[in-house]
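This is what each chain is made of:
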Amino acid sequence: MAESFDKLTPDTKYLTINAHINRSLDHSVLTNLYLPMIGEKALGLYNLLWSMSLSDHNQLILHKHYEIQSMLNCKIGQLVAIRKQLEGVKLINTLVSNAKPDILIYSLNLPLSAEQFLRTDILSIILLGKVGETTYKQIVDRLVSPLPDLGETTNVSASLLDSFAVPQNLIKNIPGAVNDAKSTIVHSAATISESSFEPDSRQFNFKLLLNMLENSYVDLNSVKAARDLILSENLLYGIDEIQMSKLVQKATNLSTNELNQNQLKAIITDSFTNHQAENVEKSTPAAKSNSSATKFDTPVAQLISISKKVAPVMFLEQIKKQKHGIVTSGEQRTLRELVSLRALPNEVINILIYYLLVDENRSTLNKNLMSTIADDWSQHDIFDAESAINAIKNRTIDKQKKADERAAKYKQRRVNVKETLPDWAKDDQTPSTSKPTSQLTEAQRKQLKAQLDKLKKPGSR
């Protein structure tokens with residue numbers, strides 16, 4: 001059902017609900033903390049929906065999306081990506097009524113306070129990546145004012161019950177009106193907390209992992225504390241719940257029964273390295289393929305399909321096996337950092353890997369170049385493999401234009417130089433024409449297809 005609303009039309013209907021219509025927005029937080037992450041369009045959409053919710057006053061008034069298009073001057077295709085930015089930072093929740101599935105419901109949330117935001121690791125990491133360390137520190141200084149050092153003090157303030165007389169029987173037996181108000185608050189739109197930003201994986205059931213470890217010696221609280229790491233490793237290596245439970249037990253300190261996160265990370269890395277070595281030993285030498293073949297004849301549809309199914313490290317391993325190389329520890333660190341940021345989905349990261357190692361024919365993943373392209377794609381809302389392919393095509397076209405411009409300038413300079421030469425220095429021989437780029441033979445096409453077919457079946461560990 002959710003996928004059906006990834007393609008809106010101007011006539012798609014929606015309504016707004018807001019449990020906080022009597023609260024004011026903290027625009028300082030929105031502009032300093034949220035704006036660098038989601039961009040002007042997304043913040044504009046949030047402010048527009050908030051304004052509409054105040055006017056509608058939760059009366060379930062229907063609107064059409066062309067109203068938003070007109071106000072924000074954006075295409076309907078851009079609106080979904082903009083909305084997802086707001087969903088990602090929990091400023092809105094997009095709901096679908098089971099009774100009326102053709103209508104979207106936008107439930108608005110208050111932004112976190114500055115203190116809540118900066119205590120949330122994943123939000124702080126993304127913001128730091130967007131603005132850089134210097135600007136990040138300036139933002140923190142603007143929003144957080146530390147108290148001056150007063151030395152040792154003693155709190156002599158009166159307590160609540162010192163100032164107000166409350167009958168003991170009412171404290172033991174809470175009045176009905178108070179309980180009714182508490183119940184109303186609980187069933188209203190949930191308040192967004194830092195814990196709701198914990199990274200999640202649709203392919204990994206964290207509760208199942210906890211259930212599998214429930215009767216083991218492992219302290220479950222230490223596993224819950226490592227949730228971010230575990231989900232990142234799942235996204236990175238494609239480790240399922242059964243494998244992860246075994247790895248967690250291996251990385252648990254038998255004296256304290258607590259999971260050691262650094263040891264878990266090391267065990268997973270070593271496990272992959274050993275798996276990679278075994279595959280190298282079992283594999284038979286294959287004839288070297290034409291390294292430029294993929295550049296000329298890439299089955300794009302097959303590549304996109306594979307990128308959606310395979311974890312980045314396993315995808316990288318298959319590419320490296322085709323190139324008779326290995327995945328280095330530096331490449332694993334680069335992918336781990338990129339995956340942990342959650343700025344790009346795995347399928348886009350896989351396309352980026354393919355572009356750098358196959359299209360660009362690089363031997364290894366360059367961290368700086370990969371981070372630069374990933375940041376550019378994140379800013380331009382490249383969130384699926386198809387969009388990544390188009391971005392690569394545009395990038396290739398731009399590079400070719402620049403190369404043509406440089407060649408034209410060089411040719412012009414060369415002509416100018418030849419015109420100033422004396423007659424005896426001029427070369428009357430005409431330059432030989434370069435050989436045309438050879439096309440793939442039928443055998444090369446078959447070999448390339450076989451190589452890409454391997455990507456569909458990454459080696460299991």
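Details of the structure are given in the entry above.
Computed from a prediction, not measured in an experiment: that's the story for all the values here. (Residues numbered from 1 in each chain as written. Predicted model: local features only at pLDDT ≥ 70, side-chain atom pairs only at ≥ 80, totals over all residues. Heavy atoms only, no water.)

**Focus: the overall build of the protein**
Of regular secondary structure, the protein possesses 21 helices and four strands. Counting across all 461 residues of the protein, residues that qualify as buried make up 35%. Of the contacts formed within the protein by residues at least 6 apart in sequence, a portion of 75% connects residues at least 24 apart. (Helix = DSSP H or I, 4+ residues; strand = E, 2+ residues; numbered from the N terminus. Buried < 20%, exposed > 50% of the residue type's maximum accessible area, 1.4 Å probe, protein only. Contact = heavy atoms within 4.5 Å.)

**Concerning the sheet that holds strand E3 (residues 92-96)**
Sheets are built from strands paired through backbone hydrogen bonds, the pairs being either parallel or antiparallel. Spatially, the four strands line up as an open sheet ordered E2-E1-E4-E3, and their pairing is mixed. The open sheet has two free edges, formed respectively by strand E2 (63-64) and E3, since each of these has just one partner strand. In this structure, strand E1 (residues 13-18) lies alongside E2, joined through two bridges in antiparallel fashion. Looking at E2, one finds that Tyr-14 is bridged to His-63. Running at roughly 75° to E1, helix H1 (residues 27-56) makes contact with E1, E2, E3 and strand E4 (103-108) of the sheet. (Pairing = 2+ DSSP bridges. Axes fitted to C-alpha atoms, helices over the stretch in contact; angles between N-to-C directions.)

**Quick look at the packing of helix H17 (residues 329-341) against helix H19 (residues 367-379)**
Think of two packed helices as two axes; the pair is described by the angle between the axes and how far apart they sit. H19 packs onto H17 with a crossing angle of 20° between their chain directions and a minimal axis gap of 10 Å. Between H17 and H19, the crossing angle belongs to the class labelled roughly parallel. Seen from above, H17 lies across H19 with right-handed handedness. Two secondary-structure elements touch here, H17 through Thr-334, Leu-335, Glu-337 and Leu-338 and H19 through Lys-367, Met-370 and Ala-374. Its residues assigned to classes, the contact of H17 with H19 shows four nonpolar, one polar and two charged. (Parallel < 35°, antiparallel > 145°, perpendicular 65-115°, else oblique. Left-handed = near helix turned anticlockwise from the far one by under 90°. Nonpolar A, V, L, I, M, F, W, Y, C, P; charged D, E, K, R; others polar.)

**What about helix H3 (residues 76-88)?**
In this model H3 runs 19 Å from its N-terminal to its C-terminal C-alpha over 13 residues, within 8% of the 18 Å that 1.5 Å per residue would give. Of all the residues in H3, the buried ones are Leu-79, Val-80, Ala-81, Ile-82, Arg-83, Gln-85 and Leu-86. Looking at the buried side of H3, the elements it contacts are H1, helix H2 (65-72), E3 and E4. Just downstream of H3 lies Lys-90, where phi reads positive at about 65°. (Expected span 1.5 Å × (residues − 1).)

**Observations concerning a nonpolar patch on the surface**
There is a patch of nonpolar side chains on the surface, built from Leu-160, Leu-161, Phe-164 and Val-166 and spanning about 430 Å² of accessible area. Looking at the element boundaries, Phe-164 is found in the loop between helix H6 (160-163) and helix H7 (168-172). Using a relative accessible area of 54% as the deciding quantity, one classes Phe-164 as exposed. (Patch = residues over 30% accessible without salt bridge, like charges linked within 9 Å, V, L, I, M, F, W, Y side chains within 5 Å. Areas by Shrake-Rupley, 256 points an atom, 1.4 Å probe, with all protein chains shown as cover. Salt bridge = Lys/Arg side-chain N within 4 Å of Asp/Glu carboxyl O.)

**Structural notes on the nonpolar core**
Of all hydrophobic cores here, the largest spans 60 residues; its most connected members are Val-223, Ile-230 and Trp-377. Tallying contributions element by element places helix H18 (residues 346-359) first for this core, with 10 residues. Counting only domains with at least three residues in this core, you end up with domain 2 (206-274) and domain 3 (298-402). Setting aside residues no more than four positions away along its own chain, Ile-230 makes contact with Phe-204, Phe-206, Leu-209, Val-223, Met-244, Val-248 and Leu-264. With 41 residues, the next largest nonpolar core counts Leu-43, Leu-91, Leu-104 and Ile-122 among its residues. (Core = buried A, V, L, I, M, F, W, Y, C linked by side-chain atoms within 4.5 Å. Domains from an automatic or database assignment.)

**Quick word on the environment of Ile-349**
Looking at the secondary structure, you find Ile-349 in helix H18. The exposure class assigned to Ile-349 is buried, which follows from its relative accessible area of 0%. Considered as a pair, Ile-349 and Ala-311 are 38 residues apart in the sequence and their alpha carbons are 9.3 Å apart. Leave out the neighbours within four places in its chain, and Ile-349 touches Pro-312, Leu-335, Leu-338, Val-339, Leu-344 and Met-370.

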